[in-house]
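Coordinates in review
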Amino acid sequence: MKALTWQGRRNVSVENVPDPEILEPTDAIVRITSTAICGSDLHLYEIFGPFIDRGDVLGHEPMGVVVEVGSAVTNLAVGDRVVVPFNISCGHCFMCRRGLQSQCETTQVTEYGSGASLFGYTKLYGQVAGGQAEYLRVPLADYNHIRVGSDLPDDRYLFLSDILPTAWQGVEYADVPDGGTLAVMGLGPVGQFVARVGAHRGYRVLAVDPVAERRAMAERHGAEVFDLTDSVVDELRDLTDGRGADAVVDAVGMEAHGNPAVSTVHKALGLLPDALAQKVMETGGLDRLAALHSSIDLVRRGGTVSISGVYAGEADMMPMKTMFDKQLSLRMGQCNVKRWIDDLLPLVEDPADPLGVMDLTTHRAPLADAPDLYETFQKKEDGCIKVVLQP
């Protein structure tokens with residue numbers, strides 16, 4: 001089959017790889033009809049090379065049709081149309097029963113001290129082949145699927161794989177009071193949905209991003225939008241009676257604008273042998289924290305900072321005095337996709353499309369175009385906000 005593979009820093013290519021097979025009786029094989037490029041895929045493109053092998057298949061936002069099931073699968077049949085959540089979980093362990101599927105004890109990657117395995121996301125998360133491919137093997141398939149109907153187009157459902165529940169969880173964790181103000185740092189795909197979920201819930205949404213096209217998209221879905229400038233935190237504080245927002249969602253993560261020194265460190269890591277780079281990242285890794293620090297500055301005293309953007313540094317410097325003095329709450333973590341599906345499925349199927357799932361994709365292309373679109377997405381060129389591939 002054709003699949004998008006990692007070949008090196010900023011180097012991905014579509015290659016012929018072996019078709020996936022049933023390896024365990026609980027597996028299923030899905031023929032992929034749509035698969036998206038996620039903002040966190042760009043971390044693999046840029047930073048996480050020491051934990052990836054050349055030829056690894058990327059991607060964790062797929063959906064498609066079941067073409068084969070293992071002998072122990074009872075809850076799926078050939079022909080079922082499914083979305084595949086990005087995290088792989090069992091549904092019955094201590095963590096899964098508490099709605100913490102991203103911490104599943106059955107699939108935790110204990111070798112690296114990580115949570116649940118993820119599709120297409122490095123040795124840190126199980127090195128499971130991803131979904132930017134023509135076919136995907138789905139482990140523990142009875143639980144790791146979201147069955148959907150056949151009437152609506154893929155775009156209605158595709159984002160249930162990751163970014164829509166990630167945004168929903170980010171707003172849940174933000175704990176915004178009724179009628180309160182939610183600020184959003186970053187208007188990539190997750191930030192777009194965070195802003196829309198906030199508006200859907202009746203919050204005042206203040207959204208920040210340096211890219212004009214991203215601001216324009218958020219504005220048409222009800223957000224007040226602002227460029228990323230040196231004075232934006234003061235500007236937003238002035239708009240909230242001098243206090244700051246009730247809650248802030250950081251939807252940017254480790255590669256934020258505004259940390260050139262750490263960016264240089266990231267590039268230098270790419271020049272080290274993998275074994276040495278892994279050790280550095282595991283014990284002394286640094287993130288670019290501009291977005292997170294701005295979120296801490298912007299939130300009001302007693303407010304909440306909810307972190308949806310991915311961070312991976314083990315030696316990050318945090319303003320603990322400010323956080324303690326302001327009596328802040330922080331919530332964060334990989335999304336527990338299955339926890340939120342009952343809330344989200346009616347919204348994506350609603351004819352009114354209240355979260356605007358049909359107004360997010362800016363680039364749609366065959367799988368063969370994926371390498372070029374990774375570059376376009378990373379550079380934020382051509383108005384690129386969300387890429388959907390069709391193998």
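Residues numbered from 1 in each chain as written. Predicted model: local features only at pLDDT ≥ 70, side-chain atom pairs only at ≥ 80, totals over all residues. Heavy atoms only, no water.

**Describing the environment of V299**
- Mapped onto the fold, V299 is located in strand β12 (residues 299-307).
- According to the relative accessible area criterion, V299 is buried, its value standing at 0%.
- The spacing of V299 and L236 is 63 residues in sequence and 9.8 Å in space, taken between C-alpha atoms.
- Residues contacting V299, with those up to four places away along its chain left out, are R243, G244, A245, D246, A247, V248, T304, V305, K326 and L328. (Helix = DSSP H or I, 4+ residues; strand = E, 2+ residues; numbered from the N terminus. Buried < 20%, exposed > 50% of the residue type's maximum accessible area, 1.4 Å probe, protein only. Contact = heavy atoms within 4.5 Å.)

**Some words on the environment of S89**
- Note that S89 resides in the loop between β5 (81-83) and α2 (94-97).
- S89 gets classed as buried once you look at its relative accessible area, which sits at 1%.
- Counting along the chain gives 11 residues from S89 to L100, while the straight-line C-alpha distance between them is 9.3 Å.
- Excluding its chain neighbours within four sequence positions, the residues that come into contact with S89 are C96, Q101, C104, T107, L140, Y143 and N144.

**Details of the confidence of the model for the protein chain**
- Counting all residues, the mean pLDDT for the protein chain is 92, and 91% of those residues have values of 70 or more.
- A low-confidence stretch, residues 261-266 (pLDDT under 50), is modelled with nine contacts involving residues beyond four sequence positions or located in other chains. (pLDDT = per-residue confidence, 0-100.)

**As for the sheet that holds strand β11 (residues 245-250)**
- Spatial strand order, β10-β9-β8-β11-β12-β13: six strands in an open sheet with parallel pairing. With partners counted over all chains shown, the strands left at the sheet margins are β10 (224-226) and β13 (329-332), one partner each. Averaged over all neighbouring strand pairs, the angle between strand axes comes to 20 degrees, with direction disregarded.
- Note that strand β8 (residues 181-185) and strand β9 (residues 204-208) share five bridges and pair parallel. Bridge pairing links M185 to V208 in β9.
- Packing of helix α5 (residues 189-200) onto the sheet brings it into contact with β8, β9 and β11, and relative to β8 it is tilted by some 170 degrees.
- Packed on one face of the sheet, helix α10 (residues 290-298) meets β8, β11 and β12 and runs near 150 degrees to β12. (Pairing = 2+ DSSP bridges. Axes fitted to C-alpha atoms, helices over the stretch in contact; angles between N-to-C directions.)

**Things to note about the nonpolar core**
- Ranked by size, the top nonpolar core spans 67 residues in total, and within it F159, L160, L164 and L182 carry the most contacts.
- Ignoring sequence-local partners within four residues, the contact set of L164 consists of F159, F193, L344, V348, L355 and V357. (Core = buried A, V, L, I, M, F, W, Y, C linked by side-chain atoms within 4.5 Å.)

**Some remarks on the pairing of β12**
- Two elements, β11 and β12, share five bridges in a ladder whose sense is parallel. Bridged to V248 within β12 is V305.
- Where β12 and β13 come together, four bridges link them in parallel fashion. Bridging from a neighbouring strand, T304 pairs with S329 of β13.
- Of the crossover connections in this fold, the one passing from β12 over helix α11 (residues 320-325) to the parallel β13 is right-handed. (Right-handed = clockwise from strand over helix to strand, strands pointing away.)

**Some words on helix α12 (residues 337-349)**
- For α12, spanning 13 residues, the distance from its first C-alpha to its last is 17 Å, which sits close to the expected 18 Å at 1.5 Å a residue.
- Of all the bends found along α12, the most pronounced is centred on D343 and spans about 50 degrees, while P346, a proline, follows it within four residues.
- If you check which residues of α12 are buried, you get V337, W340, I341, L344, L347 and V348.
- Packed against the buried residues of α12 are β7 (146-147), α3 (154-157), α4 (163-174) and α5. (Expected span 1.5 Å × (residues − 1). Bend = angle between axes of the 7 residues up to and from the residue.)

**Re the side chain of T240**
- Tracing the sequence through the fold places T240 in the loop between α7 (232-238) and β11.
- By relative accessible area, which is 9% here, T240 ends up buried.

**Let's talk about the state of the cysteines**
- Across all of its chains, the model carries zero disulfides by this definition.
- Between C38, a cysteine without a disulfide, and C335, which holds the nearest cysteine sulfur, the sulfur-to-sulfur distance is 11 Å.
- Not engaged in a disulfide, the cysteine C96 finds its nearest cysteine sulfur in C93; these two sulfurs lie 3.7 Å apart.
- Exposure remark for C96: the relative accessible area of 5% places this residue in the buried category. (Disulfide = S-S within 2.5 Å.)

**Side note on the pattern of salt bridges**
- Tallied over the entire structure, the rule returns 17 salt bridges.
- The salt bridge partner of R201 is E172, with a shortest N-O separation of 2.8 Å. In this pair, R201 sits in the loop between α5 and β9 while E172 sits in helix α4, placing the two residues 29 residues apart along the sequence.
- What makes R201 partly exposed here is its relative accessible area of 27%.
- By relative accessible area, E172 is classed as partly exposed at 34%.
- Between D325 and R301 there is a salt bridge, with its nearest N and O atoms 2.9 Å apart. Residue D325 is found in helix α11, and its partner R301 is found in strand β12; the two are separated by 24 residues along the sequence.
- A single network of salt bridges, built from pairs that share partners, joins R9, R10 and E46. (Salt bridge = Lys/Arg side-chain N within 4 Å of Asp/Glu carboxyl O.)

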